[in-house]
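Chains, contacts and geometry: an overview
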Amino acid sequence: MRTLQPRTPSSRTRGVLVEAGLVLLAVVDALISLPYASTAALVSALVAAAVLPLRRRFPWATAVVVLVGLYWGYALFAAMVAVFTLAVATRARRRVGVVVSLLVFGGNLVATELPQGVDDWVSTTLYGLIFATAPWALGELVVVRRELSRRLAEIDERAAREALERERAVLAREMHDVVSHQVSLIAVQAGALQVTSGDESTRTAARTIRELSVTTLDELRGMVEVLRTAGGAPRDDAPQPGLSDLAGLTGGCGMAVRCRLDVPGDLPAPVQRAVFRTVQEGLTNVRKHAPGAEVSVTVVHDGARTRVEVLNGPATEPVQLLPSARHGLLGLRERAALLDGEVQAGPTAAGGFSLVVTIPDP
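The text that follows walks through the structure, step by step, so that each part is easy to find. Nothing here was measured: the structure is a model prediction, and the numbers come from that model.

**Quick word on the overall build of the protein**
If you tally the helices and strands in the protein, you get ten helices and five strands. Expressed as a percentage of the 362 residues in the protein, the buried residues total 33%. When contacts within the protein are restricted to residue pairs at least 6 apart in sequence, those whose partners lie at least 24 apart make up 68%.

**Notes on the nonpolar core**
Ranked by internal contacts, the top residues of the largest apolar core, which has 27 residues, are Leu246, Val275, Val279, Leu283 and Val299. Every element with two or more residues in this core is listed here: α8 (246–251), α9 (269–289), β2 (295–301), β3 (305–312), α10 (328–338) and β5 (353–360). Among the elements that line this core, the one with the most residues is α9, at seven residues. Dropping the residues within four chain positions of it, Leu283 is found in contact with Leu249, Thr250, Cys253, Met255, Val257, Val295, Val297 and Val310. Counting residues in hydrophobic clusters, the runner-up holds 23 residues, among them Ala26, Tyr74, Leu76 and Ala79.

**Side note on the side chain of Thr298**
Looking at the element boundaries, Thr298 is found in strand β2. The contacts of Thr298, once residues within four sequence positions are left out, are Arg260, Arg307, Val308 and Glu309.

**Structural notes on the pattern of salt bridges**
On inspection of all chains with the given rule, the structure shows seven salt bridges. Across the pair Arg203 and Glu200 runs a salt bridge whose closest N-O atoms are separated by 2.3 Å. With Arg203 and Glu200 both in helix α7 (residues 200–228) and three residues apart, the pair spans about one turn of that helix. A relative accessible area of 24% places Arg203 in the partly exposed class. You can call Glu200 partly exposed: its relative accessible area is 45%. Between Asp302 and Arg305 there is a salt bridge, with the nearest N and O atoms lying 3.2 Å from each other. A cluster of three or more residues bridged by salt bridges with shared partners is formed by Glu147, Arg150, Arg151 and Glu154.

**Regarding the sheet that holds β3**
Here we have five strands laid out as an open sheet, ordered β1-β2-β3-β5-β4, and mixed in their pairing. In this open sheet, the two edge strands, each paired with only one partner strand, are β1 (257–262) and β4 (342–347). When the angles between neighbouring strand axes are averaged without regard to direction, this sheet yields 5 degrees. By the bridge criterion, six bridges tie β1 to β2 in an arrangement that is parallel.

**What about the packing of helix α3 (residues 59–72) against helix α4 (residues 76–89)?**
When two helices pack together, their arrangement is captured by the angle between the axes and the distance separating the axes. Viewed as axis vectors pointing N to C, α3 and α4 meet at an angle of 155 degrees, and their least axial separation amounts to 9 Å. On the basis of the axis angle, α3 is roughly antiparallel to α4. Helix-helix and strand crossings are classified by hand; for α3 and α4 the assignment is left-handed. In this structure, α3 uses Pro59, Trp60, Ala63, Val66 and Leu70 to contact α4, whose residues at the interface are Leu76, Ala78, Ala79, Ala82, Thr85, Leu86 and Ala89.

Definitions and limits used
- Residues numbered from 1 in each chain as written.
- Predicted model: local features only at pLDDT ≥ 70, side-chain atom pairs only at ≥ 80, totals over all residues.
- Heavy atoms only, no water.
- Helix = DSSP H or I, 4+ residues; strand = E, 2+ residues; numbered from the N terminus.
- Buried < 20%, exposed > 50% of the residue type's maximum accessible area, 1.4 Å probe, protein only.
- Contact = heavy atoms within 4.5 Å.
- Core = buried A, V, L, I, M, F, W, Y, C linked by side-chain atoms within 4.5 Å.
- Salt bridge = Lys/Arg side-chain N within 4 Å of Asp/Glu carboxyl O.
- Pairing = 2+ DSSP bridges.
- Axes fitted to C-alpha atoms, helices over the stretch in contact; angles between N-to-C directions.
- Parallel < 35°, antiparallel > 145°, perpendicular 65-115°, else oblique.
- Left-handed = near helix turned anticlockwise from the far one by under 90°.

Right under this line is the structure:
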């Protein structure tokens, strides 16, 4: 049998009204059809009407009770409702439909007076077939309609997914053509400045710019590959940064960073990536908003959770206005939420800024 889906309050109210209406119609049908019937026949027909609200949860038991009421009394409407429910709720609908329809047809003949003459036999048989097969055909129609609706929903979902994949491919192409071109020019110009400049500090700055540009290009290629890969399709993941890459990140950022690392080296890969991205985002924010500030990076593990803190003092150099989409902290919060962690960020009393991410052990 099919599993019933949870229903909203409005649908439950509508369902109660429908069940009450069906019971009322079944009772009226029994009272009209049995004006001179015995008490036992009337009671059996009323019982068949009373059990109709149980048909969704117990369709087979309800059908048995209703068929008894049909043969003992005259619960034709209740039998039609029970047949419709079986058609909707059972899987082997065709075999069950034939058997139940024959039972309803036989009950209809038993409950009526024996036909007199050919015409009476034809009309009685015709009406019996209609009452026996029409509910089952209606139930089949409902099942087919639900199946078609489900398949149409799957088709719409597939079309939306394909459209998203096309958009991702276009985005990957645009990102590669525009961003990688600009970053490549920065790397080339920085390399040329590193070779031609006679000032040691200028050459050091140019070397740092070139190394950062090359790293940005590598990460950009990885992002483009992700965007071009269809959702769910297998792909070869590029090596992801972890704790072992923190030294290179803090040493190549162009700032004096005090780093304290006190964590086990076997942390899960998602936690290590989250630690790296937190430090990366924190250092990026310092370069943008507090140039020349003192920076400290602390990564510790207390046995139950990993805590990452990037703390900087006030800026000591002029702040340059750089473009920002303000998505960095949002991305960190989303990454931390996936690991049941939390992010705390805000200014400090000393005029600096503090970024703290706490991630519990899985």
